[in-house]
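Chain and residue survey
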Amino acid sequence: MNVIRLIALREYMENVRTKGFWITVLIIPVIIIGMFFLQTILSNATPTRYYILIDQSGQYEEAVAVAIEREHQRQILQEFVDYLLEHRLESDLETTVANAGNAASQFVDDVDADEVAALDQWLDSGGLNYALAMASPYLEQERPDFEAPEPQFIAADLPAEVNADGSVEEIVNTLRPYLSGSREVSAGDNSGSLFALILIPEDVDADIVRPGTMPQAQDPRRGIQYWASNLTDTRLPDAIARSINAEIREREYVDLGVNTSLVRNVQRTRLPVSQLDPTAQAGEEAVSMADTFRQFAPIGFVYLMFISLMQNVQYLLSNTVEEKSNRIIEVLLASVTADELMMGKLIGIGMAGLTTIAVWLLSFYLFISAYSSTETELISQMLDVILGSELIPWFVFYYFAGYALYSGVFLAIGSLCNTLKEAQALMTPMIIIQIIPIAMMAFVVMDPNNTLVRVMSWIPLFTPYLMMNRAAADPPMIDLVGTTLLLVVSIAAVLWLSGKIFRHGVLRTGQPPKILEMIRLLRVRT
Amino acid sequence: MDQQVLSLSRVRKTYGNFCAVDDISLSIPKGAIYGFLGPNGAGKTTTIRMILDIIKPDSGEISILGKQSALDVRDRIGYLPEEKGLYKKMKVWAIIQYFAMLKGMDKSAAKERAFELLQKYGLKDFAENKVESLSKGMGQKVQVLAAVAHNPELVILDEPFSGLDPVNQSVLEELIRELASNGQTVVFSTHVMQHAERLCDHILLITRGKKIFDGTLGEARACIPRRVLLETADATDSIATLDGVSAVQLVAGDNDSSQWQVEISENLNPQEILRHCFDKHISLNRFEFVEPSLHDVFVHLVGDEAKEHVSR
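Cut-offs applied
- Residues numbered from 1 in each chain as written.
- Chains lettered and ligands numbered in written order.
- Predicted model: local features only at pLDDT ≥ 70, side-chain atom pairs only at ≥ 80, totals over all residues.
- Helix = DSSP H or I, 4+ residues; strand = E, 2+ residues; numbered from the N terminus.
- Buried ≥ 20, exposed ≤ 12 C-beta atoms within 10 Å, placed from the backbone.
- Contact = placed C-beta atoms within 7 Å.
- Pairing = 2+ DSSP bridges.
- Axes fitted to C-alpha atoms, helices over the stretch in contact; angles between N-to-C directions.

Some thoughts on the overall build of chain A
If you tally the helices and strands in chain A, you get 19 helices and five strands. Relative to its 526 residues, chain A shows a buried fraction of 29%. In chain A, once contacts between residues fewer than 6 apart in sequence are set aside, the share between residues at least 24 apart is 80%.

Next comes the structure, spelled out in structure tokens:
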């Protein structure tokens with residue numbers, strides 16, 4: 001036992017002391033945190049968009065202006081919701097529709113449920129100033145002032161050479177260099193490239209489509225013309241289409257003699273859908289955000305398991321190959337038995353793997369506590385949910401089971417090879433096998449007790465990943481007990497077999513054995 | 001001589017059709033320096049691995065320090081394998097400490113012992129270096145120290161001299177002698193006869209897995225006759241008539257002078273031949289008494305077989 005501990009400790013220290021280990025350990029948090037920052041920066045860095053509106057029909061200029069203002073207000077509303085989430089007094093993921101306690105939470109919930117209706121209400125009641133007054137009693141005392149985002153879509157001055165009353169063709173041709181970025185438009189003191197030209201021809205009303213009327217010949221320039229070289233940012237055309245259609249419908253109502261305020265009230269009438277959990281106790285069946293996280297948590301665990309196991313078994317393999325190619329193994333075998341050596345390695349490298357996971361969790365924790373914002377707040381609450389979840393014992397079991405199973409296989413491979421190159425050829429199939437359950441991860445979470453998934457769970461090499469993946473969905477007892485038994489039996493078998501291969505393999509030199517030779521090795525009594 | 005540290009009885013090991021070790025028996029008394037000699041591929045390493053229970057013999061009995069298997073007494077054995085290797089990233093003192101601890105020494109004693117050995121064998125300045133920075137010879141020395149750090153009763157060294165320069169070879173010889181004078185038993189294999197000649201009490205000579213000779217150095221020398229080399233222009237017929245002279249052979253000669261090899265038995269003093277020549281007025285240009293070397297014994301016993309084996 002003492003010898004096993006000594007070997008384990010040496011393996012552990014040798015791994016932990018290398019630069020490579022720390023690079024691998026730290027690169028994951030660095031990438032994730034970097035991606036987080038990158039996303040935040042990118043979403044804040046959307047540049048100001050200049051547009052020109054030419055309304056030859058003279059009917060819709062106001063509607064478009066309203067649409068653009070609405071888009072701006074929607075952004076303010078969104079950021080205000082983030083601000084509320086960050087600074088409200090009791091931020092609790094267990095909040096559900098039913099127990100949203102105060103006006104601020106109610107407001108957040110409304111926005112969540114129906115953004116359009118919430119935006120109408122926001123505009124009707126006076127926008128930001130009203131909302132700030134309403135929410136401030138429920139916010140923390142110490143908080144930064146809310147900074148409303150700048151408008152993103154700004155009307156540019158019409159360049160002097162453009163004749164707004166000219167033909168559509170003329171206008172578009174004159175503005176083409178601006179739209180392609182070779183010339184800049186000015187807006188007040190600023191200037192920039194022209195993002196979009198919105199052109200409303202004089203006879204636009206002829207293109208209004210009504211139910212029952214057959215569309216006329218397909219003219220690519222029907223209706224309102226939105227000219228822009230950026231095809232991906234659709235917020236502006238969407239907002240314009242929404243707003244102008246609202247305007248047209250309003251006129252139709254007036255023409256038909258319908259009371260438009262009644263119509264608007266009807267449009268905002270809604271019936272909420274409550275998500276309920278049949279397995280929860282009475283009174284607690286409402287599905288909260290945390291419940292949703294919990295269902296998705298297995299993905300995180302499976303992924304963690306995959307990365308950590310891959311790292312571990314690679315270390316195991318390269319260490320064994322190093323010992324073999326250095327011929328240290330022979331001295332070791334004169335001092336300890338092959339079984340002790342194998343166990344020591346398994347434990348030592350396993351500890352290095354646990355260190356990796358611990359460093360990851362710790363670095364996320366440090367990051368969250370050092371840099372707090374709405375997003376990280378969410379991450380920290382997710383971490384709390386995950387760490388407090390009943391999936392932890394599952395994870396610990398499947399992690400060790402997976403480790404024992406795969407490391408047994410990789411150790412045997414390592415003991416048969418003299419160089420890493422040889423070993424890599426043998427380990428590729430094992431890596432591909434592990435990728436299969438990873439590729440199925442998202443699918444399994446959504447349909448955990450699907451027949452295919454159930455069948456595959458019985459394959460021991462997949463069991464740790466798939467059963468971990470299904471853990472949150474209460475898999476049937478037969479799957480649970482059966483796969484666990486099968487897994488434990490296969491671990492014992494794999495460790496026993498690889499122990500035999502190890503004993504023969506470690507003293508072997510030359511090429512890796514052929515399959516037949518391997519079978520013969522296993523049958524020889526040692 | 002009464003206490004046997006190691007004994008093998010009719011040990012045999014085959015790999016497929018190839019018989020690596022064929023029916024070897026030996027016994028090694030406590031405190032001896034015992035040499036395993038033999039040409040390359042003779043089965044020395046296989047025999048040593050079987051002694052250490054790293055591989056199992058197909059048949060035969062091994063008794064080591066009173067036990068059936070070396071694994072039961074591994075704390076009392078030190079081993080240097082034929083192919084040397086150490087963990088490259090470990091410090092020199094730490095690796096000696098590690099191997100000593102694997103053999104049951106406690107941590108602080110093992111560390112102390114590591115520094116003591118490094119000091120004693122001229123590696124003190126390298127104690128804090130990593131193994132990868134050492135030269136091959138130094139690394140090998142470190143490995144020898146790691147093998148003996150825990151003061152084993154039985155030290156088994158497989159080709160310990162290969163790869164060492166002459167100075168370090170004699171340092172190692174000194175170390176082996178010291179171990180023996182402490183009452184520790186040393187078994188080592190080599191194909192360089194000079195080391196065995198200088199160190200060994202007993203030698204075992206094997207080739208192609210078979211034991212050819214097992215005995216003391218003196219017994220080995222007795223295997224081939226002692227020789228006197230003469231160079232003279234006169235007739236030497238009368239020498240052959242002397243008691244104890246078994247043969248007189250012409251080795252080389254021209255018109256003026258010939259070289260003769262006279263084989264003599266153990267109890268004949270070479271001075272008798274000198275006196276005989278003086279009496280018979282045989283004028284000598286050269287008179288040389290040659291004590292047979294282990295090299296001669298080796299060549300005599302193994303001879304052509306080894307040559308064939310090497311070039312196989």
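Notes on the environment of Ala131 of chain A
All names here are of chain A. If you trace the backbone, Ala131 turns up in helix α6 (residues 127-135). Sequence-wise, Ala131 and Phe80 are 51 residues apart; in three dimensions their C-alpha atoms are separated by 8.6 Å. Beyond its immediate chain neighbours, meaning those up to four positions away, Ala131 contacts Phe80 and Trp122.

Thoughts on the sheet that holds strand β2 (residues 18-29) of chain B
Either a parallel or an antiparallel arrangement is found when strands of a sheet pair, and the pairing is made through backbone hydrogen bonds. Residues and elements named next belong to chain B. As summarised here, the arrangement of the three strands in space is β2-β1-β4, forming an open sheet in which the pairing is antiparallel. Each of the sheet's edge strands pairs with one partner strand only, and the pair in question is β2 and β4 (59-64). Between one strand and the next, the sheet's axes are offset by a mean angle of 15°, whatever the strand orientation. Across eight bridges, the pairing between strand β1 (residues 4-15) and β2 is antiparallel. By the bridge assignment for β2, Gln4 is matched with Pro29. Against the sheet, helix α1 (residues 44-51) makes contact with β1, β2 and β4, and its axis sits at roughly 60° relative to β2, the strand it touches most.

Observations concerning the sheet that holds strand β6 (residues 154-158) of chain B
Residue and element names in this part refer to chain B. Ordered in space as β5-β6-β7-β3-β8-β9, the six strands form an open sheet in which the pairing is mixed. Two strands close off the open sheet at either side, each with one partner strand: β5 (77-80) and β9 (210-216). Each strand axis lies, on average, 15° off the axis of its neighbour in the sheet, ignoring direction. Pairing of strand β3 (residues 33-37) with strand β7 (residues 185-190), which is carried by five bridges, proceeds in the parallel orientation. Across the sheet, the residue bridging to Tyr34 is Val187, located in β7. On top of the sheet, α1 reaches β3, β6, β7 and β8 (202-207); it is set at about 150° to β6, its chief contact.

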